[in-house]
Amino acid sequence: MDTEYSIELLAEAYKDCRRHKRNTDSALRFEQNLEHNLIELHDELSDGTYKPGKSICFAITRPKPREVWAADFRDRVVHHLLYNHIAPRFHARFISDSCACIPGRGTLYGAKRLESKVRSITQNWSKPAHYLKLDLANFFVSIDKNILRELIAKRVTEPWWMQLADTILFHDPRQNYELRGAPRMLDLVPPHKRLTNHPAHLGLPIGNLSSQFFANIYLDELDQFCKHKLQARHYIRYVDDFLILHESPQWLNAAKAQIEEFLSDRLHAKINPSKTILQPISRGVDFVGQVIRPWHRTTRKRTVNEAMRRVSTIDSAKLYETANSYYGLLCQATHGYHQRILLSNVLRKRGHTISGNLTKIYRRTK
């Protein structure tokens, strides 16, 4: 038993976990008998008998079909417990150009940081340069857990916390899960992207905090290679999408070959050739949902079209929250006013009043 673990840390993890999940069925069930459930979970963690419970498997179709594995609320609390304790030591190692699942480093951070790199290498758009955009093939379902375990063990030296990390990492949700939704929805997910079609030592379940955090640990090896071995000054990554900027397209092609060799040897990963892009920066750089062009940054056209489609067809009871979420997304772009006009026109037709600066809608009154 690790002396740094206490029930106070478990209670703190519970508060973090319920922040965005409080109204879910599993969270409400856990909260109905909160003290008993926390003490019971604490006892299991203390004596080493804790085992993850049943997961929920379902499919989503936007932006593309994916298989999602959601852990039970009780297990999510344990994920937060581990994350709260070991994440700071890994975050201190991560490079500043690594985004996603890091406090303060979301999509807006990634877009702004890339824009500053673009302006740096082109000297405020006065000189030509190129960018290489790469994407890992079937990333989450192809992560080698044995390699990942080795990377975690380098920095988690406490036996109790390492054992907890092993329990979460090597848990196979396919052994005990409940299927939600129509089975035909899962048929929309390509077989090579389904966790159920891979061996037990490969793949992390999409949908858990631990999976996102572990993925960053896994790809930190790629970050360190690109920054220190390739000497790629203008490099940035968001989950498994990453970009390198350089004046020479020949240098970028050579870098791509070295990256492919490194990924194969060190991480047993592959580049998705269908999503590889090498072109001049002046044509626009599409990254984290925004397109960076000379002197302006806009939201990706596909996202805008999807926003207008959804607000024009969604049920009225959900329109207020959905529309304001899209306004928040469009406001992140420096030149998104015209796109907000298009969204506002659709909402006006549905009888809603829009704020004067086109940043939010108001609830309809009877």
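All of these numbers come straight from a predicted model, not from anything done at the bench.

1. Notes on the confidence of the model for the chain
- Residues of the chain with pLDDT of at least 70 account for 99%, and the chain-wide mean is 93.
- When pLDDT is averaged over each helix and strand of the chain, the minimum, 87, is found for helix α9 (residues 183–187) and the maximum, 98, for strand β4 (residues 130–135).

2. Section: the nonpolar core
- Counting 65 residues, the largest nonpolar core has L45, I152, L164, F214 and I259 as its most contacted members.
- Counting residues in each nonpolar core, the second largest holds 16 residues, with W125, L243, V288 and I292 among its members.

3. Brief notes about the packing of helix α7 (residues 145–153) against helix α8 (residues 159–169)
- Running from N to C, α7 and α8 cross one another at 160 degrees; their axes reach a closest spacing of 11 Å. Classed by the angle they form, the pair α7 and α8 counts as roughly antiparallel. In this structure, α7 meets α8 at a crossing whose hand is right-handed. Here K145, L148, R149, I152 and A153 of α7 lie close against α8, whose contacting residues are M162, A165, D166 and L169.
- Taken together, the residues of the contact of α7 with α8 break down into 6 nonpolar, no polar and 3 charged.

4. Quick notes on the pattern of salt bridges
- By the definition in use, this model includes 22 salt bridges.
- Between E150 and R266 there is a salt bridge whose closest N-O contact spans 3.4 Å. With E150 in helix α7 and R266 in helix α11 (residues 249–267), this pair connects stretches of sequence that are 116 residues apart.
- Here R266 falls in the partly exposed class, since its relative accessible area comes to 21%.
- By sharing partners, the salt bridges in this structure join R93, E150, D220, E221 and R266 into a single network.

Rules used in this analysis
- Residues numbered from 1 in each chain as written.
- Predicted model: local features only at pLDDT ≥ 70, side-chain atom pairs only at ≥ 80, totals over all residues.
- Heavy atoms only, no water.
- pLDDT = per-residue confidence, 0-100.
- Helix = DSSP H or I, 4+ residues; strand = E, 2+ residues; numbered from the N terminus.
- Core = buried A, V, L, I, M, F, W, Y, C linked by side-chain atoms within 4.5 Å.
- Buried < 20%, exposed > 50% of the residue type's maximum accessible area, 1.4 Å probe, protein only.
- Axes fitted to C-alpha atoms, helices over the stretch in contact; angles between N-to-C directions.
- Parallel < 35°, antiparallel > 145°, perpendicular 65-115°, else oblique.
- Left-handed = near helix turned anticlockwise from the far one by under 90°.
- Contact = heavy atoms within 4.5 Å.
- Nonpolar A, V, L, I, M, F, W, Y, C, P; charged D, E, K, R; others polar.
- Salt bridge = Lys/Arg side-chain N within 4 Å of Asp/Glu carboxyl O.

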